[in-house]
Amino acid sequence: MSGHVLVINAGSSSLKYSLVDAKTGEAAATGLVERIGEEQSHHVHHGPSGSYDDEQAVADHEAALEAAVQAFETHGPALGDVDIVAVGHRVVHGGDRFAAPALVDDELIAAVTELVPLAPLHNPANLEGIEVARRLLPDLPHVAVFDTAFHQTLPPYAYTYAVPTAWQEEYGIRRYGFHGTSHSFVSGQAAALLGRSVEDVNLIVLHLGNGCSATAVRGGRSVDTSMGLTPLEGLVMGTRSGDLDPAIHGLLARVAGRSAEETDRALNSESGLKGLTGVNDFREVSRRRAAGDERAQLAFDVYCYRLKKYIGAYYAVLGTVDAIVFTAGVGQHSAEVRAAAVSGLEGLGIHLDPARNADPTDNIASTDDSPVAVLVIPTNEEWEIARQALDVVGG
Ligand code: ADP
């Protein structure tokens, strides 16, 4: 096997990995170690000779990667039998220093460490993954692929908050955007589906997973995106509020004595669908809504209304739109969200075909004569990370 990239996505208590053929996107093996550091961790590995599932304790990220390497040996493919050209690491925040993927060296590690205040939940875990992988796989080139990089093309008027200028200079307070690998991948797929070059199309890409973001893509370049300084801004998400009045922080401090940390945590982990219904899983919200639950109905309406507002805003940003692209768990699987998000937008040239929307197996949910196509495209962030890593190492 040749031209493979070992893609690593290290979270605070998890390590997800995938051995991907960078040319075809085919995964020779995938795996996940969860609940790292807890008494009972969970390791699942899917390889060519079957799946492996284990519940032994995994103390830290180093032990997790060792377990992954071992799983490759026992359940395949043995890493020694594969021509691995690079290890590709997902890094959430690259600030304004990284507009492209980059080879990991000590300087990069220092730069990503400096960005920790901007992404305290993500960058430390990503760094941990990089350091462990460099120790265990020292002979391979390691490449950092940033969630923020795709959005470094935003113009200043789109990324600047109207706050004292010194805040940006001193603290890096500006909009960065996230989910860049997904938006970039899906944009390329959408252009191919339209039979056009990505440079020639304008797209509104809606990544609706647990985290949700919308991006306006002009000619393959991100010109606006809904997430901001952190992934909290923008659309309603599984547990995040998305847009709100920043005065809420101050009000909760004054009337409820809540600290900044408490409110931050509530807005990131206890809000969104979870805040409105008690559950963050969209399928459960759908089930409850279908059963007549009023809170689930309201959550659905808030979610889709926000989505529609962003479609309208990005239509205005782009001027002309070739396609609206839905991706990730909800975007791909919820016909009702797609229908609600574009309902009443026929005047903008967006015509959904109800039958196609219910079963978009050919990736198209709009009518043949809809001036704006509505597309449903699976994302593949691992493949995009593998491709970008291969580019960096000159494959
Ligand atoms: P992540 O952001 O963690 O990668 P996913 O892209 O897998 O997440 O999206 C997870 C979300 O997708 C969950 O809210 C889940 O309920 C939702 N989802 C998955 N399948 C369906 C489905 N068939 N219908 C509606 N929502 C779905």
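What counts, and at which threshold
Residues numbered from 1 in each chain as written. Predicted model: local features only at pLDDT ≥ 70, side-chain atom pairs only at ≥ 80, totals over all residues. Heavy atoms only, no water. UniProt positions renumbered as here; feature names shortened; annotations may be inferred. 1 Å grid on protein atoms, 1.4 Å probe; cavity = no way out; pocket = protein on both sides within 12 Å on 5 of 7 lines; lining within 4 Å. Points joined across faces, edges and corners; volume = space filled by probe spheres on them. Helix = DSSP H or I, 4+ residues; strand = E, 2+ residues; numbered from the N terminus. Nonpolar A, V, L, I, M, F, W, Y, C, P; charged D, E, K, R; others polar. Near = heavy atom within 4 Å. Polar contact = N/O pair within 3.5 Å; in protein donor to acceptor, adjacent residues only side chain to side chain. Areas by Shrake-Rupley, 256 points an atom, 1.4 Å probe, with all protein chains shown as cover. Pairing = 2+ DSSP bridges. Axes fitted to C-alpha atoms, helices over the stretch in contact; angles between N-to-C directions. Contact = heavy atoms within 4.5 Å. Core = buried A, V, L, I, M, F, W, Y, C linked by side-chain atoms within 4.5 Å. Buried < 20%, exposed > 50% of the residue type's maximum accessible area, 1.4 Å probe, protein only. Phe/Tyr/Trp six-rings, centres within 6.5 Å; stacked < 30°, edge-to-face > 60°. Lys NZ or Arg CZ within 6 Å of the ring centre and 35° of its normal.

Within an unreviewed UniProt entry, the label attached to the protein reads Acetate kinase, and the organism entered is Kribbella sindirgiensis. For the protein, the Catalytic activity (unreviewed entry) comment in UniProt is given as "acetate + ATP = acetyl phosphate + ADP". In its Subunit (unreviewed entry) section, the UniProt record describing the protein reads: "Homodimer."

**Student:** I tried to follow empty space enclosed by the protein on my own but got confused; where do I start?
**Tutor:** Picture a little ball the size of a water molecule; that probe, rolled over the atoms, points out where space is still empty. On inspection of all chains with the given rule, the structure shows one cavity of 30 Å³ or more. Here the largest cavity defines a volume of roughly 30 Å³. Top contributing element to the lining of the largest cavity by residue count: helix α1 (residues 61-75), with four residues. Of the residues that constitute the lining of the largest cavity, the class distribution is eight nonpolar, no polar and no charged.

**Student:** Sorry, what's going on with the site of the ligand here?
**Tutor:** Surrounding the ligand, one finds Gly209, Asn210, Gly211, Asn280, Asp281, Phe282, Arg283, Ala328, Gly329, Val330 and His333. One of the side-chain nitrogen or oxygen atoms of Asp281 is found 2.6 Å away from an oxygen atom of the ligand. Within the backbone of Arg283, an N or O atom sits 3.2 Å from an oxygen atom of the ligand. Its free accessible area being 580 Å², the ligand has 66% of it covered by the protein chains. Elements represented by at least two residues in the shell around the ligand include exactly α10 (282-290) and α12 (328-333). Here the shell around the ligand gets four residues from one element, more than from any other, and that element is α12.

**Student:** What exactly am I supposed to notice about the sheet that holds strand β13 (residues 373-376) here?
**Tutor:** Neighbouring strands of a sheet are bound in pairs by backbone hydrogen bonds; such pairs are parallel or else antiparallel. One open sheet holds the five strands; their spatial order is β11-β10-β9-β12-β13, and the pairing between them is mixed. The strands lining the two open edges of the sheet, one partner per strand, are β11 (221-225) and β13. Neighbour to neighbour, the strand axes of the sheet diverge by 25 degrees on average, direction disregarded. Pairing analysis gives four bridges linking strand β10 (residues 212-218) to β11, with the strands arranged antiparallel.

**Student:** What is the right way to read the side chain of His179 from this model?
**Tutor:** By the element assignment, His179 lies in the loop between α5 (165-171) and α6 (180-193). Within the structure, His179 has its side chain in polar contact with the side chain of Ser213 (distance 2.7 Å). Those residues in contact with His179, other than ones at most four positions away along the chain, are Asp147, His151, His207, Gly211, Cys212, Ser213 and Met227.

**Student:** Just checking my understanding: could you explain the UniProt feature "binding site: Mg(2+)" (unreviewed entry) in the protein for this structure?
**Tutor:** Here the UniProt-annotated "binding site: Mg(2+)" (unreviewed entry) positions come out as Asn9 and Glu381. These annotated residues cover 373 residues of sequence, and their C-alpha atoms all fall within 10.3 Å of one another, placing them together at a single site. Tracing the backbone through its elements, the reader meets Asn9 in strand β1 (residues 4-10). Filtering out sequence-adjacent residues up to four positions away, Asn9 remains in contact with Ser14, Leu15, Lys16 and Arg90. Following the sequence through the fold, Glu381 ends up in helix α15 (residues 381-393). In contact with Glu381, other than residues within four places in its own chain, are Thr181, Ser182 and His207.

**Student:** Would you take a moment to explain the side chain of Thr225 for this structure?
**Tutor:** Looking at the secondary structure, you find Thr225 in strand β11. One polar contact links the side chain of Thr225 to the main-chain carbonyl oxygen of Ala214, over a distance of 3.1 Å. Ignoring any residue separated from it by four or fewer positions in sequence, one finds Thr225 in contact with His151, Leu154, Arg175, Gly177, Ala214, Thr215 and Tyr314.

**Student:** Would you mind going over the nonpolar core with me for this structure?
**Tutor:** It is characteristic of soluble globular proteins that their nonpolar side chains tend to be buried jointly. Residues Leu208, Tyr303 and Ile324 are the most contacted members of the largest nonpolar core, which totals 41 residues. Sorting the residues of this core by element identifies β9 (202-208), β10, α10, α11 (294-318), β12 (323-327), α13 (335-342) and β13 as the ones contributing at least two each. Membership of the second largest hydrophobic core comes to 26 residues, among which are Ala22, Val145, Ile377 and Ala389.

**Student:** Any chance you could explain the UniProt feature "binding site: substrate" (unreviewed entry) in the protein here in plain terms?
**Tutor:** What UniProt calls "binding site: substrate" (unreviewed entry) maps, in this numbering, to Arg90. Tracing the backbone shows Arg90 in strand β6 (residues 84-91). Excluding its chain neighbours within four sequence positions, the residues that come into contact with Arg90 are Ile8, Asn9, Asn126, Val145, Asp147 and Ile385.

**Student:** Would you take a moment to explain the packing of aromatic side chains for this structure?
**Tutor:** Under the definition given, this model contains six aromatic pairs. Measuring from centroid to centroid gives 5.6 Å for Phe185 and Trp383, while their planes differ by 55 degrees, and the two rings are tilted. Highlighted residues: Phe185 in helix α6 and Trp383 in helix α15, separated in sequence by 198 residues. Taking relative accessible area as the criterion, Phe185 reaches 3% and is therefore assigned buried. Centre to centre, the rings of Phe282 and Phe300 are 6.4 Å apart; their planes meet at 50 degrees, and the pair counts as tilted. Remark: Phe300 occurs in helix α11 and Phe282 occurs in helix α10; sequence separation between them is 18 residues. The buried category is assigned to Phe300, whose relative accessible area is 4%. Within the aromatic cluster, the residues linked to one another by ring pairs are Phe282, Phe300 and Tyr303. It is Arg289 that lies over the ring of Phe300; its NZ or CZ is 3.6 Å from the centre.

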